[in-house]
Amino acid sequence: FYYDNTSITSIYTASTKKVKKLLPHPAMNPIEMFPGRCMVAFTAFEYRKTDIDPYNEFSIAFLIAFDRVQVPGLTALWQMARRCFTAYVWKLPVTTEIARFGGVELYGYPKFLADISFERSKEWIECRLAEKGESILNLKGKVLPTTRGKITRFVTYSITEGIPVTANVVVDPVEFAQSRDHEASILDLGGKHPMASTLKEIQLSAGPVMYQYSPVIEAVLFGGKNLMDG
């Protein structure tokens, strides 16, 4: 259980062809905004109160349709209408060992220890992600006026020993705002870190197609399911 948290999310488009090469299972089909351009979600989490103590986390996920055909534009709209999104979690760095160990052992999440810090001003919130002193990326988003958001479900996919594992995350955005302004957030990729290099290769869009600001959220992560067992 995650009782008191903040998150910012920026969704960019990327080359479907290049992202497909990063997906570890043939049943994972990138969801496209339009033909040739799929969607990548960058989310920074500040978990202030959880069942495993406070920690920070950064998710890089590719929106996918698992074992089904996606229709450019329509699949994304359908998921938005249902408030249920499916995604392959590509990288999930965290700041504490208990968060890393539990995520890897129970869910097969690609977690590793990293430096994840937040800075705030009246107009912006910024998350900096680095590993062993080497910058990976900075994600900066506008502080927006918020309202009560709607409960949303995320179905995450990961791989453990070659087997797909899925888990449900239910999020209650107590304070929420969304913007399609391309200048609402800024993503700066680091220098020579392998993650930053890979992200540069997938041809990310110049700006985000959607930005979400949630200064107060609650969430529940449910147990994982091995898809080999049906």
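Residues numbered from 1 in each chain as written. Predicted model: local features only at pLDDT ≥ 70, side-chain atom pairs only at ≥ 80, totals over all residues. Heavy atoms only, no water.

Student: Just to check I follow, could you spell out the side chain of His193 for this structure?
Tutor: With respect to the helices, strands and loops of the structure, His193 is situated in the loop between β12 (185-189) and α4 (194-201). On the accessibility criterion, His193 (6% relative accessible area) is buried. Contact partners of His193, with chain neighbours within four places excluded, come to Glu131, Glu134, Ser135 and Ile136. (Helix = DSSP H or I, 4+ residues; strand = E, 2+ residues; numbered from the N terminus. Buried < 20%, exposed > 50% of the residue type's maximum accessible area, 1.4 Å probe, protein only. Contact = heavy atoms within 4.5 Å.)

Student: Even after reading the chapter, I still don't get α4, so can you show me in this structure?
Tutor: Because each turn of an α-helix spans 3.6 residues, side chains separated by three or four positions in sequence point in the same direction. Among the residues making up α4, those that are buried are Met195, Ala196 and Leu199. For α4, the angular spread of the buried residues around the axis is 95 degrees, confining them to a single face. Residues of α4 that are exposed and angled more than 90 degrees away from the buried face: Pro194 and Glu201. In the core, the buried residues of α4 are packed alongside β4 (37-50), β5 (55-66), β6 (84-91), β8 (124-131), β9 (134-142) and β12. Trailing α4 by a residue or two, Gln203 shows a phi angle of about 60 degrees, which is positive. (Arc of directions from axis to C-beta.)

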